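Analysis of the macromolecular model
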Amino acid sequence: MGLNDVVETVVTQTKFLTKAFPTRLPEFAAASMAFIPVACSDDDDQQQQDITDVKTPSGETNFTEETYAAYAAKYNVQDPDFEFESFEFLADGTYILTRRGYTSYVRKAEKPTVVNSRKDIARLLRTPRKATRSTDNYYFVYGNYTVESDGSFRLDNYGNVVISPDASIIRFTNNETGITSTVDVNKEHSAYTGGNTQKLCRTWTLKYAELWASYNGTQTVHFKFDMQTAKLIAFDINSAMLEPGISIEDAKQEVIEELMNNNSPQSVVFSPNGTYFVTYPNGYCEKSSWKWGNEANGILYYDWSENNDDIEGEGYTSVTFKDKYSYIKEDYTENEDGDTYREIGVTTMEAR
């Protein structure tokens, strides 16, 4: 398994926050050096344990209600000729106006699967596609909203929304065009209302990205990256798997450089209407869909696709909660030419 693959996996894994609800991904300049799969004897000092016992914290939680929780809702536009197909207001004060024709498909991620290539592996958190401008990436417009004293919604400098008392009509004024439109809407009922939904559906700040990788049952590398300080705070590599001439310190520096060069996600918002929205420090963003596979067990399905090539079974994605944190775990296995590669990524997020 190439070190570049491992580094790309960690960076991509932190992107469960983007377009594919993989955040989906990409393009990442990977490291040039590689692991060389080497058979290790039982008495080899470098022999490592497999990574089957990676567990995420779970316990009592301590979450507070977000500022605009009472206004959080999604309104689907009934007019097929209107520019936007939906208006969504999130509990943290973010609005998303989705343009008509933007479609996503929820991917299954319920159990470990075998994929044909590491390049095909999707991640819940991924790198963002480039937006045409900070608040408009063609597919949707997003920004921050405030609720005025008259009950209307001010959307940054983009416009103003007035919702009828029965939530059936929206009057939208676009400040860029000066046009005011009145459209019929349908307020969408929250898809999920259970206990884990109430925990998950909020704004999260990305804290740590951690990855374990193994080759034929032997752990090859483990590292943990602090996404707030951009520092590598844990690094453990099986030197028997490195190319000749590559030291452990060389490998560590390569990982640090690649992680530092990556545009890591900054925050992610989950809504009970099945939306998940990822933002980045440079103003990029990604929006996609999620749904529970098994809410009681914290099993998530997510989607970053843009067309009908929806492929079920991208990997095992689960979430646990403790204190004010959530832990997203993704588990992938690949068989290639008789060898088995496994990668487990855990993203730690803190509730705002």
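The structure presented is a predicted model; accordingly, all values stated were derived computationally and were not measured. (Residues numbered from 1 in each chain as written. Predicted model: local features only at pLDDT ≥ 70, side-chain atom pairs only at ≥ 80, totals over all residues. Heavy atoms only, no water.)

Moving on: the sheet that holds strand 8 (residues 179–188). Backbone hydrogen bonds are what pair the strands of a sheet, in a parallel or an antiparallel way. Reading around the barrel, the 8 strands line up as 1-2-3-4-5-6-7-8 and close back on themselves, with antiparallel pairing between neighbours. Pairs of neighbouring strands in the sheet enclose a mean axial angle of 30°, with direction left out of account. Across 3 bridges, the pairing between strand 4 (residues 140–147) and strand 5 (residues 153–155) is antiparallel. Considered in strand 5, the bridge of threonine 146 is made with arginine 154. (Pairing = 2+ DSSP bridges. Helix = DSSP H or I, 4+ residues; strand = E, 2+ residues; numbered from the N terminus. Axes fitted to C-alpha atoms, helices over the stretch in contact; angles between N-to-C directions.)

Summarising burial for strand 13 (residues 275–279): 5 of the 5 residues are buried, a large majority. Side chains Thr275, Phe277 and Thr279 of strand 13 all project onto a buried face; the interleaved residues Tyr276 and Val278 project onto the opposite face, where all are buried too. Pairing between strand 12 (residues 267–270) and strand 13: 4 bridges, direction antiparallel. Paired with valine 268 across the bridge in strand 13 is valine 278. Between strand 12 and the antiparallel strand that follows it, strand 13, lie 4 residues; glycine 274 among them carries a positive phi value of about 90°. (Buried < 20%, exposed > 50% of the residue type's maximum accessible area, 1.4 Å probe, protein only.)

The subject of this paragraph is the environment of glycine 143. You can see glycine 143 is positioned in strand 4. Sequence separation between glycine 143 and isoleucine 96 is 47 residues, and the spatial gap between their C-alpha atoms is 7.0 Å. Ignoring sequence-local partners within four residues, the contact set of glycine 143 consists of Gly93, Thr94, Tyr95 and Asp156. (Contact = heavy atoms within 4.5 Å.)

Empty space within the second largest pocket amounts to approximately 500 Å³. Along its surface, the second largest pocket is lined by 26 residues, and Ala69, Ala72, Ala91, Cys201 and Pro272 are the ones closest to its centre. Across the lining of the second largest pocket, the residue classes tally to 11 nonpolar, 8 polar and 7 charged. (1 Å grid on protein atoms, 1.4 Å probe; cavity = no way out; pocket = protein on both sides within 12 Å on 5 of 7 lines; lining within 4 Å. Points joined across faces, edges and corners; volume = space filled by probe spheres on them. Nonpolar A, V, L, I, M, F, W, Y, C, P; charged D, E, K, R; others polar.)

On to the confidence of the model for the chain. Overall, the prediction assigns the chain a mean pLDDT of 75, with 70% of residues at 70 or greater. Every residue in residues 127–134 scores below 50 in pLDDT, and together they form 34 contacts with partners more than four places removed in sequence or on other chains. Segment residues 306–315: pLDDT under 50, and 30 contacts once partners within four positions in sequence are set aside and those in other chains are kept. (pLDDT = per-residue confidence, 0-100.)

Within the largest apolar cluster, 35 residues are counted, with the highest numbers of intra-cluster contacts made by Leu200, Trp204, Phe235, Val268, Phe270 and Trp290. In terms of residue count, the dominant contributor to this core is strand 9 (residues 203–215) (5 residues). Once you skip the residues sitting within four places of it in the chain, leucine 200 turns out to touch Phe270, Trp290, Trp292, Leu300, Val319 and Phe321. (Core = buried A, V, L, I, M, F, W, Y, C linked by side-chain atoms within 4.5 Å.)

Taken as a whole and assessed by the stated rule, the structure comprises 5 salt bridges. Between arginine 99 and glutamate 83 there is a salt bridge, with its nearest N and O atoms 2.8 Å apart. Remark: glutamate 83 occurs in the loop between strand 1 (73–77) and strand 2 (84–89) and arginine 99 occurs in strand 3 (residues 94–99); sequence separation between them is 16 residues. On the basis of relative accessibility, which here comes to 37%, the residue glutamate 83 falls in the partly exposed class. Taking the shortest distance from any N to any O, the salt bridge between glutamate 350 and lysine 324 comes out at 2.8 Å. You can see glutamate 350 sitting in strand 18 (residues 339–351) and its partner lysine 324 sitting in the loop between strand 16 (316–322) and strand 17 (325–336), a full 26 residues away along the chain. On the basis of relative accessibility, which here comes to 15%, the residue glutamate 350 falls in the buried class. (Salt bridge = Lys/Arg side-chain N within 4 Å of Asp/Glu carboxyl O.)

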